[in-house]
Amino acid sequence: MIRFVMINKKNKRFDFYSYTNEIMNNLKNELESNGLEFYLNKETIRKATFEYKQKEFLINFTVVATSETIQLKVDITLPTKDTSNLELHDVKIKIKDLMIGEWEQCVWLEDSQSELFAEELYKKVHSVENSLRRLINSIMFFKLGGDWWDRYMPYDLINKYNQRSDQYRRRTPSFDNIHTNLMSIDTGDLIRILNYKTYKLKRNSIFREPDEMNLFEGFAEPLNALTRDEKEKLFLFQGIMNSIFFNTKSIEKLHPNLLEKLEEQMEVDKDFWEDYFLPWFSCDSRKFSGLWSEFTTDRNHVAHNKLIDLKLRNKFNKGMSELQKLITEAEKKFEKYTETEVASYLEETRFEAEVIQRQQTDDWKDYIEEATGIRILEESNIIEEFQENLTASFDNLKDMFYYRSDLEFLYNEPTLNEESIIFTIEHNVTRDDIQVIVLPDIDSSAGATSTVTLRVITIDKEEMFDLYYTNGEAEYNDEQTNYMPLVQDHWEVTSGLSKMEKFISSVISSDFPEITEDEIANVPCRHCESYTIYFSDEESDVESPSRYKTGECLNCGRVNTLGFCMRCDKTLNQEEDGLCDGCEAYIDAQ
């Protein structure tokens, strides 16, 4: 429902019938409508249907005339309850514009569309205000602690909202024990917090002490510590204070001078925008303050139920959307920052706690070792000791066969937290290898035994060797009031490592015969095409277990036929028969 009344027609001549006909026909022409029909015509009331953009409107004219005044009331309604459509806005504004020039006053009585706009906008107002309140609270509590409001805010804000907060708490007892200052703060005061600054005395203040330890005590002495300019400022300040002490009423007159003198001695300590809010906003303080000032004006317009037309609604929406976007972006940036900071803080706290716990444990173990002579090692120390023994053992194996150029040794220091291959010996020609796999079981508990099993795997053999470490353990003797050894710490690694070294050495000697480059034929195997055919020109009917047959492929094991010397039957390093070097030399010499 839209209802307004026109009061006192400027031209006193007024014919209700012809005037309403004229207004509606002009409306029809202006809005290019084809649907207009008066369906009720009475002396003081006329009703019409008007079609505009496929929407049908009911328009009522009611005239109230006396000897002193003429009033024409206009009611505009839709058959449906949808008052948000833009066609209704066009119709009501156009009727008002067609009439207003001929009347002294136009009084708006009811506008359900404006009320709907206000209801829609007030939700956004509420959202924007609370978003900024939430952001300010989040940043301030994180940066300055839970007492930031009472500690840093000016007294006028604190007193103003303490009084207001007390009233709200009495009305809502369920929330009488929570912090509500920022929830009740005025919209305009929020920007004051964003741009707030705290001040501190300058280092060269006239109030300083020579030793700069106490800035207030005995501020006027000694005068020889001040410059000439500082002395003059100090005397002016003292004069103002003397006047105030002599007559407290004089503070109102002297307030500007006192404020000026104090400001000269102060400097910014905390700039809330620069220090706490700027990192999260994508605009500067000037732009945000301007947007918020417009928002405050718009907010008051909405909150005080003033009329809102389509242009003002769009303006409000645009301004509030821009503000909401800036605040939401700032919230997201700050939340991401706090997540990182909190995670970092928790990690640092955990690390510090671990360091303290580890130090306490180390101190206790040092005390036990000193009192009982036993050691209780941490897991890392046990692993380190095992690693040193394993490294030394494999260095011994490498030293045993350092002259073997046909063997390749590869050692990966074990972490001893999972099964892994830690040592490999590979024959460069045959590609046979020996692997040592470690199976660790580390237990650093007091009195527990840690086991490292070494599994040695070769072509057709496998052996297991165990290494042990038993951690020390002590118990408290109540009668003697001291710690007594319960389990002596000891290592059992030498025997296992020695047996492993002997086993590997034996395997290398028996299954990994030394083969030089001269003992490899220059022709490929006919079966696998690998250049691994064993060649020896030494004649022997008895094959040594440590040697291969001439012509035997070291890769696939099949025997190849090599050529023979046609003069002396000596095996040749080639596939075809021919002459050996000795026979060629003999023939050449003939």
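Now for a description of the structure that goes with this document. A quick note: this is a predicted structure, and the numbers were derived from the prediction, not measured.

Comments concerning the overall build of the protein chain
Across its full length, the protein chain holds 14 helices and 16 strands. Looking at the protein chain as a whole, 38% of its 590 residues are labelled buried. Nonlocal contacts in the protein chain, meaning residues at least 24 apart in sequence, comprise 56% of its contacts between residues at least 6 apart. Roughly 35,300 Å² of accessible area belongs to the protein chain as shown, and the carbon and sulfur atoms make up 47% of that amount.

Topic: the packing of aromatic side chains
Taken as a whole, this structure holds 30 aromatic pairs when the rule is applied. Ring centres of W273 and F281 lie 5.3 Å apart, and the angle between their planes is 25°; this geometry places the pair in the stacked category. Ring centres of F386 and W491 lie 5.0 Å apart, and the angle between their planes is 75°; on these two criteria the pair is classed as edge-to-face. On the criterion of sequence distance, the pair formed by F386 in helix α12 (residues 379–400) and W491 in strand β16 (residues 490–492) is long-range, its members being 105 residues apart. Assessed through its relative accessible area of 0%, F386 is described here as buried. Within the aromatic cluster, the residues linked to one another by ring pairs are W273, F281, F288, W292 and F295. The ring of F38 carries the charged tip of R46 above its face, separated from the ring centre by 3.7 Å.

Quick word on α12
Here α12 is 22 residues long and its end C-alpha atoms lie 32 Å apart, about the 32 Å a rise of 1.5 Å per residue gives. Among the residues of α12, I382, I383, F386, Q387, L390, S393, F394 and L397 are the ones counted as buried. For α12, the angular spread of buried residues about the axis comes to 135°, placing them on one side. Along α12, the residues that are exposed and aim more than 90 degrees away from the buried face are S380 and D399.

A word on the sheet that holds strand β1 (residues 2–9)
The strand order across the open sheet formed by 6 strands is β2-β3-β4-β5-β1-β6, and the pairing between neighbours is antiparallel. Both outer strands of the open sheet, β2 (35–41) and β6 (103–111), are each paired with one neighbouring strand and no more. Direction aside, the axes of adjacent strands within the sheet are offset by 20° on average. In terms of strand pairing, β1 meets strand β5 (residues 70–77) through 6 bridges, oriented antiparallel. Its bridge partner being in β5, I2 is matched across the sheet by I76. Strands in contact with helix α1 (residues 16–30) are β1, β2, β3 (45–52), β4 (55–65), β5 and β6; relative to β3, the strand with the most contacts, it is inclined by about 10°.

Comments concerning the packing of helix α3 (residues 112–144) against helix α10 (residues 285–303)
Across the interface, α3 lies against α10 with an axial gap of 10 Å and an inter-helix angle of 140°. Our classification of the angle between α3 and α10 gives oblique. The handedness of the crossing between α3 and α10 comes out as left-handed. Only F288, W292, F295, R299, V302 and A303 of α10 make contact with α3, whose side of the interface consists of A118, L121, Y122, V125, V128, E129 and L132.

With respect to the environment of T77
Of note, T77 is situated in strand β5. In this structure the C-alpha to C-alpha distance between T77 and K92, which are 15 residues apart in sequence, comes to 9.7 Å. Dropping the residues within four chain positions of it, T77 is found in contact with M1, F57 and L58.

Focus: the nonpolar core
F277, F288 and W292 are the most contacted members of the largest nonpolar core, which totals 45 residues. When contributions to this core are tallied by element, the ones reaching two or more residues are α3, α4 (148–152), α5 (155–171), α6 (187–194), α9 (272–277), α10 and α11 (310–372). Ranked by residue count, the leading element in this core is α3, at 11 residues. In this view, W292 contacts V128, E129, L132, T187, L190, I191, L323 and I327; residues no more than four positions away in its chain are not counted.

Thresholds, definitions, all that
Residues numbered from 1 in each chain as written. Predicted model: local features only at pLDDT ≥ 70, side-chain atom pairs only at ≥ 80, totals over all residues. Heavy atoms only, no water. Helix = DSSP H or I, 4+ residues; strand = E, 2+ residues; numbered from the N terminus. Buried < 20%, exposed > 50% of the residue type's maximum accessible area, 1.4 Å probe, protein only. Contact = heavy atoms within 4.5 Å. Areas by Shrake-Rupley, 256 points an atom, 1.4 Å probe, with all protein chains shown as cover. Phe/Tyr/Trp six-rings, centres within 6.5 Å; stacked < 30°, edge-to-face > 60°. Lys NZ or Arg CZ within 6 Å of the ring centre and 35° of its normal. Expected span 1.5 Å × (residues − 1). Arc of directions from axis to C-beta. Pairing = 2+ DSSP bridges. Axes fitted to C-alpha atoms, helices over the stretch in contact; angles between N-to-C directions. Parallel < 35°, antiparallel > 145°, perpendicular 65-115°, else oblique. Left-handed = near helix turned anticlockwise from the far one by under 90°. Core = buried A, V, L, I, M, F, W, Y, C linked by side-chain atoms within 4.5 Å.

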